[in-house]
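Below, each chain spelled out in residue letters.
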Amino acid sequence: MIVRETPGLLTLFLEIRGSVIRRIYPRVLIVMALSALVVWGHSREPQFIPLVDGAPFSLVGIALSIFLGFRNNACYDRWWEGRKLWGRLLAASRDLARQTMVLARQGGIATGTRSRLVHLNIVFVDELVRHLRYHDRLNQTAEATLSPEEKELLSTTRNPPDYILQLMGETFAQLRCTGSITDIEFSLFDRTLGEMNGVLAGCERLRNTPVPFGYTLLLHRTAYLFCFMLPFGLADVLGALTPIAAGVVAYTFFGLDALGDELEAPFGTLPNDLPIAAIAKSIEISLRQALGEADLPEVPKPVDTILL
Amino acid sequence: MIVRETPGLLTLFLEIRGSVIRRIYPRVLIVMALSALVVWGHSREPQFIPLVDGAPFSLVGIALSIFLGFRNNACYDRWWEGRKLWGRLLAASRDLARQTMVLARQGGIATGTRSRLVHLNIVFVDELVRHLRYHDRLNQTAEATLSPEEKELLSTTRNPPDYILQLMGETFAQLRCTGSITDIEFSLFDRTLGEMNGVLAGCERLRNTPVPFGYTLLLHRTAYLFCFMLPFGLADVLGALTPIAAGVVAYTFFGLDALGDELEAPFGTLPNDLPIAAIAKSIEISLRQALGEADLPEVPKPVDTILL
Amino acid sequence: MIVRETPGLLTLFLEIRGSVIRRIYPRVLIVMALSALVVWGHSREPQFIPLVDGAPFSLVGIALSIFLGFRNNACYDRWWEGRKLWGRLLAASRDLARQTMVLARQGGIATGTRSRLVHLNIVFVDELVRHLRYHDRLNQTAEATLSPEEKELLSTTRNPPDYILQLMGETFAQLRCTGSITDIEFSLFDRTLGEMNGVLAGCERLRNTPVPFGYTLLLHRTAYLFCFMLPFGLADVLGALTPIAAGVVAYTFFGLDALGDELEAPFGTLPNDLPIAAIAKSIEISLRQALGEADLPEVPKPVDTILL
Amino acid sequence: MIVRETPGLLTLFLEIRGSVIRRIYPRVLIVMALSALVVWGHSREPQFIPLVDGAPFSLVGIALSIFLGFRNNACYDRWWEGRKLWGRLLAASRDLARQTMVLARQGGIATGTRSRLVHLNIVFVDELVRHLRYHDRLNQTAEATLSPEEKELLSTTRNPPDYILQLMGETFAQLRCTGSITDIEFSLFDRTLGEMNGVLAGCERLRNTPVPFGYTLLLHRTAYLFCFMLPFGLADVLGALTPIAAGVVAYTFFGLDALGDELEAPFGTLPNDLPIAAIAKSIEISLRQALGEADLPEVPKPVDTILL
Amino acid sequence: MIVRETPGLLTLFLEIRGSVIRRIYPRVLIVMALSALVVWGHSREPQFIPLVDGAPFSLVGIALSIFLGFRNNACYDRWWEGRKLWGRLLAASRDLARQTMVLARQGGIATGTRSRLVHLNIVFVDELVRHLRYHDRLNQTAEATLSPEEKELLSTTRNPPDYILQLMGETFAQLRCTGSITDIEFSLFDRTLGEMNGVLAGCERLRNTPVPFGYTLLLHRTAYLFCFMLPFGLADVLGALTPIAAGVVAYTFFGLDALGDELEAPFGTLPNDLPIAAIAKSIEISLRQALGEADLPEVPKPVDTILL
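Note that this is a predicted model, so its numbers are computed, not measured. (Residues numbered from 1 in each chain as written. Chains lettered and ligands numbered in written order. Predicted model: local features only at pLDDT ≥ 70, side-chain atom pairs only at ≥ 80, totals over all residues. Heavy atoms only, no water.)

Asks: Looking at this structure, I do not really get the overall build of chain A. What am I missing?
Replies: Each helix and strand in chain A was counted, giving 11 helices and zero strands. For chain A, the succession of helices and strands along the chain, N to C, is α-α-α-α-α-α-α-α-α-α-α. What you see for chain A is a C-alpha radius of gyration of 27 Å, clearly larger than the 19 Å of a compact globule of 308 residues, by over 25%. Considering chain A as a whole, with its 308 residues, one finds that 62% of them fall into the buried category. Long-range contacts, defined as pairs at least 24 residues apart, comprise 75% of the intrachain contacts of chain A with a sequence gap of at least 6. Of the roughly 11,300 Å² of accessible surface on chain A, 60% is carried by carbon and sulfur atoms. (Helix = DSSP H or I, 4+ residues; strand = E, 2+ residues; numbered from the N terminus. Rg over C-alpha atoms; globule rule 2.2 N^0.38 Å. Buried < 20%, exposed > 50% of the residue type's maximum accessible area, 1.4 Å probe, protein only. Contact = heavy atoms within 4.5 Å. Areas by Shrake-Rupley, 256 points an atom, 1.4 Å probe, with all protein chains shown as cover.)

Asks: I'm lost on the relation of the copies chain B and chain C in this one. Help?
Replies: Aligned on chain C, chain B shows an RMSD of 0.0 Å; the corresponding rotation is 72 degrees and the shift along the axis is 0.0 Å. As the rotation angle and translation indicate, the two copies are arranged about a five-fold axis. Of every C-alpha in chain B, the one belonging to B:Ile184 sits nearest the axis of rotation, 5.6 Å from it. (Least-squares fit on C-alpha atoms with pLDDT ≥ 70 in both.)

Asks: Help me understand a positive patch on the surface, please; the structure alone is not making it clear to me.
Replies: On the surface, A:Lys84, B:Lys84, C:Lys84, D:Lys84 and E:Lys84 cluster together into a patch of positive charge. Exposure remark for B:Lys84: the relative accessible area of 35% places this residue in the partly exposed category. (Patch = residues over 30% accessible without salt bridge, like charges linked within 9 Å, V, L, I, M, F, W, Y side chains within 5 Å. Salt bridge = Lys/Arg side-chain N within 4 Å of Asp/Glu carboxyl O. Lys, Arg positive; Asp, Glu negative; His and termini not counted. Charge placed at Lys NZ, Arg CZ, Asp CG, Glu CD.)

Asks: Just checking my understanding: could you explain the domain arrangement of chain A for this structure?
Replies: Frequently, the measure chosen for interface size is the accessible area removed from exposure when the parts meet. Each assigned domain of chain A is listed with its residue range as follows: domain 1 (9-75 + 212-264) and domain 2 (79-210 + 273-290). A C-alpha centroid distance of 47 Å is found between domain 1 of chain A and domain 2 of chain A. (Domains from an automatic or database assignment.)

Asks: Where do I start with the interface of chain A and chain B in this structure?
Replies: Facing the 56 residues of chain A at the interface are 70 residues of chain B. For the pairing of chain A and chain B, the buried interface totals around 5,500 Å² over both sides, and the portion due to carbon and sulfur atoms is 71%. Considering only the side of chain A, the residues that lose the most area to chain B are A:Arg158, A:Phe213 and A:Arg221, jointly responsible for 13% of the buried surface there. On inspection of chain A and its partner chain B, the count reaches four salt bridges. Applying the counting rule to chain A against chain B returns 13 residue pairs in polar contact (both at pLDDT 80 or more). The set of elements that each furnish at least two residues to the side of chain A that touches chain B consists of helix 3 (55-99), helix 7 (160-177), helix 8 (183-208) and helix 9 (213-238) of chain A. A per-element tally of the side of chain A that touches chain B places helix 8 of chain A first, with 16 residues. Split into classes, the residues belonging to the side of chain A that touches chain B amount to 30 nonpolar, 13 polar and 13 charged. (Buried area = accessible area lost by both parts, 1.4 Å probe. Polar contact = N/O pair within 3.5 Å; in protein donor to acceptor, adjacent residues only side chain to side chain. Nonpolar A, V, L, I, M, F, W, Y, C, P; charged D, E, K, R; others polar.)

Asks: Which parts of the structure should I look at to understand helix 9 (residues 213-238) of chain C?
Replies: Because an α-helix packs 3.6 residues into every turn, residues spaced three or four apart end up facing the same way. All names here are of chain C. In this model, helix 9 (26 residues) spans 36 Å end to end at C-alpha, consistent with the 38 Å of a helix rising 1.5 Å per residue. In the structure, helix 9 departs most strongly from a straight axis at methionine 229, where the bend amounts to approximately 35 degrees and where the proline proline 231 lies between one and four residues downstream. Most of helix 9 sits inside the fold, with 20 of its 26 residues counted as buried. Just downstream of helix 9 lies glycine 239, where phi reads positive at about 60 degrees. (Expected span 1.5 Å × (residues − 1). Bend = angle between axes of the 7 residues up to and from the residue.)

Asks: Honestly, the arrangement of the chains in this entry has me stumped. Any pointers?
Replies: No part of chain A reaches chain D; the closest C-alpha pair between them is 11 Å apart. The closest approach of any C-alpha atom in chain C to one in chain E is 11 Å; the two make no contact.

Asks: Even after reading the chapter, I still don't get a negative patch on the surface, so can you show me in this structure?
Replies: On the surface, A:Asp53, A:Asp236, B:Asp53, B:Asp236, C:Asp53, C:Asp236, D:Asp53, D:Asp236, E:Asp53 and E:Asp236 cluster together into a negatively charged patch. Its location among the elements puts E:Asp53 in the loop between helix 2 (21-44) and helix 3 (55-99). Overall, E:Asp53 belongs to the partly exposed group, its relative accessible area being 35%.

Asks: Just checking my understanding: could you explain the side chain of E:Asn72 for this structure?
Replies: Along the chain, the position of E:Asn72 falls in helix 3. By relative accessible area, E:Asn72 is classed as buried at 1%. With residues near it in sequence (within four places) discarded, E:Asn72 still touches D:Phe70, D:Tyr215, E:Leu256 and E:Gly260.

Asks: Would you mind going over the side chain of B:Thr100 with me for this structure?
Replies: Residue and element names in this part refer to chain B. As for its position among the elements, threonine 100 is in the loop between helix 3 (55-99) and helix 4 (108-133). Under the relative-accessibility criterion, threonine 100 is labelled buried at 0%. Side chain to side chain, threonine 100 and arginine 114 meet in a polar contact 3.2 Å long.

Asks: Looking at this model, I keep getting lost on the relation of the copies chain A and chain B. Mind explaining?
Replies: What relates the pair of chain copies is a rotation about an axis plus a shift along that axis. Of the transformation superimposing chain A on chain B, the axial component is 0.0 Å and the angular component is 72 degrees, with the fit at an RMSD of 0.0 Å. A low fraction, 9%, of the interface residues of chain A reappear at the interface in chain B, so the copies pair through non-equivalent surfaces.

Asks: What should I look at first to understand the packing of aromatic side chains in this one?
Replies: Scanning the entire structure with this criterion turns up 46 aromatic pairs over all chains. Ring geometry for C:Phe67 and D:Phe253: centres 6.5 Å apart, planes at 85 degrees, overall edge-to-face. With C:Phe67 in helix 3 (residues 55-99) and D:Phe253 in helix 10 (residues 242-264), this residue pair bridges two chains. Like C:Phe67, the residue D:Phe253 is buried in the burial classification. Aromatic rings pair up to connect A:Phe70, A:Tyr215, B:Tyr76, B:Trp79 and B:Trp80 into one cluster. (Phe/Tyr/Trp six-rings, centres within 6.5 Å; stacked < 30°, edge-to-face > 60°.)

Asks: Honestly, the nonpolar core in this entry has me stumped. Any pointers?
Replies: Counting 475 residues, the largest nonpolar core has A:Trp86, B:Trp86, C:Trp86, D:Trp86 and E:Trp86 as its most contacted members. In this structure B:Trp86 touches B:Val125, B:Leu128, B:Val129, B:Leu132, B:Cys203, B:Phe267, B:Ile276, B:Ile279 and B:Ala280, once residues within four positions along its chain are discounted. Of all hydrophobic cores here, the second largest spans five residues; its members include A:Ile184, B:Ile184, C:Ile184 and E:Ile184. (Core = buried A, V, L, I, M, F, W, Y, C linked by side-chain atoms within 4.5 Å.)

Dropping the structure here:
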């Protein structure tokens, strides 16, 4: 996520960080070069480089705008749903920290149980980040919280966050089986675990199921075809200004298309993706504070305006 | 579902797999041939092949874009709702596996009960795939889990997944009637079964109720009429380039229309449909792992970039 | 609901069943006749039948498309919400059949109670169809399930489905008052009744509150004005082809408008309306099967491709 | 709410009731008069009344359509959310009437309690109508149900419906404190009160927070500017027909804008607003019928096709 | 939030308060000045200041309208979601005040507990306002309710509202551990705290995650480019009227863009932002009234039509 103020007029046009221009400028330049070529070619050999009326382009351009707008809407909704899932995860984690306070009536052992559960919660959140971003390094809290056997199992399981949730579920099931908690309390804790489970399933859904490929392909193709044919339609009325106009149109259409790609997979590490590592750190701070721990991690800061 | 990287510029235009071009190229070619015929005919017999101004086509084309965009939106929402239902099913299945751990306090018999319940859950998911895709072959897990009488009933019932849910419900009702679980625990399990039941009802809704036929018919007709009349409107200003322009427009409009058809019924086996068989396999892996089983099925791999 | 395959190219244009063409063809023909009259009149008396430039028509046509698209979206959402309500009703009915299995611990009396409750559920669904479609005939299951006094009350009450829900609620309240079920079990059953109650309230909302009349009126008027003025704008550039073009535009706009009317009241008996009688029959089959009854009703079949 | 059949072709154009034409005709007439003036002025003094090409108007007109469409969508969503809230209120009221049947086990006192609770429910609904519409007269049921002290407090409180909900909450809290109901039953009743509380908060939200004023202002201004400048753009191509065309455009744009205003505040008493007084009466009938009362109020009838 | 009547025709155009015109007039004036310069320059040196056909501008303008409309929609949704969150907070606060009435059975001590809990609720709401608006001053109710140690902790914690929720959670956990409330009652209170927790997480989500920066940047750039190039496209057909037309277009596009910025961060203190301080005061009034307190704060009044 890019963290910065809306820039002023001058920086607005000079700003490159956070813009999709880095990724689309080759395509925009090709369109502009093609435009220049068409204008030059037509002035020398009008019979070989035909120019045509722009009306059909208006039709295709507006249709393309409508369909691009629709795809962008779908991608933005995915991105925002991803953010909502992590907001629910934050809330569910705080819920668990609050609810487990009731275990204190069991004395010191249960206090240890609460601490372990909240630490497992931190591990779950960290593993979810690793799972969604395909990282490899094990987290410090996991090192301190899990037993050697659990670490072994964690490293071999196909779905680490799911495994951590199972560990939490086992703890509550044991508390229930030994009668340490009532069935109502068990169902209270279970609902919160279910909420985390729902977040996990939602994140996997967003990561594993992109917008239908046929749709992306059709829009990419139409956008390319439109932008590459545009100079022939503009040159007649715009003359030497064609490269500029075609460049603006290409920048807008390719830019929206590229932004859609970025938002479609919201858990990646591109500039406009969600800062799930930073959110995970916030959850950890919130949970450690709830446990009364003093040595809290740093609040994550954006690096070069980008927060991951 | 098509699983692949977004292609580069060259492959973008040469790619056929996953594109709707396979299904719409006859129509696109007809429009292009008709365009060529109109241009040729007009140059020979202008009085018989009239050309007209393109302005009315702009109006119809933009209106058609708006309505096609709306239908595509509705179809995409159906597709995404289908995916969400299967995400809920994954979460509910993991919930049940976690919640049934509490049965362990009942000793060995209940452990067997838990195992049977989780296996029934796997059978439910498999039967749901069969039910939605009209398959015939009985699943291995069903063979191993169900008694002969149950298999018999399963083969005669009109709604197999509903029957499996009933079996699970009966198990919990018996546990409750014998006092093995408290009423709170029963209601906890029942809510999870209710969630699966809701997924079943949602999937049946999506499968049985397409977008209103009158709507599809109207849009198909308008799209055909528009594309077949387009050459007469384009030939005047585009001349010999008419077939290319008409082809691009026809590709976009027929393509979106065909994609809408594909997404409308998201549980089918077309390339852009949902990989529900693969999701079912993932659920099975997750559940077997929760039971501590060692012999896990393979993670499903896409065949020729397509995951079913 | 229309149940049929997407037609091929030829039948696509010849198909009349399920099309809105039956209801709008007079209007479309009037527009076409008016177009012919305008063209003919202008060729004879140009000073009396003025033709105008089409540009203002583009503006109005696109604005109309946007607003029609919006109204169609709202109507489709109503139709789909109606379908979702009936999907929830199916799920809630199956939930009740599953949950009431727990009554079996009470012995034979309670088994009778379960049977009566599930039969009341069938009656509720049937009465809901009658209520939404203003039918008069009492259903067979109601005849067999209700006592004479209850039938009497049913026939005089202002809201029959609500009355049936009260009967079910009374049964559960009695079971609770006599201590046959625990408070948790009571709240479990009550939540399922509450779900059915929510479906009832939702269906009444859709039936009683159409899209604001002012909106419908404004769009109808604008669509008529636009289509009746269109020939004057098209005749100049299209000449003798005006009636065809005006017919296509009128077909699209009137057709969308008429489809919106059909979807706006989704519980009616027009071809594109929801098949709630058939869904009710499916629920009955599912419930009777859950009770283990052998003599199941027929699955409803579409009559002449239309399922009601 | 306007209750009537979709009118036929003739009445469609003559109908005034329910149309926004009553409120916008001065503006439309001004635009038409201005158009006539522009045409006449231009024919006499072309150098003072310049006419311009219509192309820039198309751009502004389409942009305006898109933004008006968006605002109308937002206003319609508010209207429909208001209707959904009242549907939830109907369902919650019926839920409470059903759930309180369980109090019957407490004997005659509790039956009185149930009756008082359901009557308080009726008062709550009536007070909500008064609260949303700023009425002053106290309702008959309130007269009969509340004690003098309660009436006194009701008249001084800042939020009457909230106060009635508190009275209901107090009754349940007393039943719980005296042990007349279990904690589960208390939480069941409490959830239903919470639902009513949510409806109250939702209605207050819709009433107190209109669509952002800056948005309304921007759209009003653009719509006025556009319609007042339109004659200059149309006169060139339409000549003497300009007043008619400008009138149609102004009718559509002003009409949609005015309808948006009407739907934005759905609890008012304009023709297209929600008939909350009638819905309240329906709830009262449903609740009195559930209590077995014989003397039911009349079903509200539309007055001159308008139901309030 | 701006609280005022929709203005009449004259005030509509003269009104400045609440309009975005204050923030965008420099940009609009620049566009108008540039237009005048283009017209003047072209009349003197046509070969240096080329004018071009407006057709390409239509295409870009309509595309820009669609994308701006989409961004405005997203921003409006954020604003409305913020309002919904505060509506839920109002409802949850009233729920807690109602539910805690059940504590009265514990005698005087518990009455004090209820009072403290409701006051903590008021503190939570106030702290949420401070948290979202980065204020510094501690609230009066907090002064009176919190102990010195709690105030100390509140001033050092990183998330004050979260800390207050923890205090409330601790109170309920103690009541549960000492057996003063049953597990069901605990879970009832816990659910209400969970609702407040969800509101907190939702508000933090809206505050910390703006619409993707790349999107805002792309739209700002395209809007500037379009408006600065527009005079060259309009001057040809509009001549001396170009500055007026360009000014209207620039006002609409810049205005919508600026409104989007305002709605995007709905908890700020700009004129169109949500009046969360006023809502917080309403919640306080409602809660104090529920406690029976006599000395209620004033209902917040808009200052110069603006309510914060």
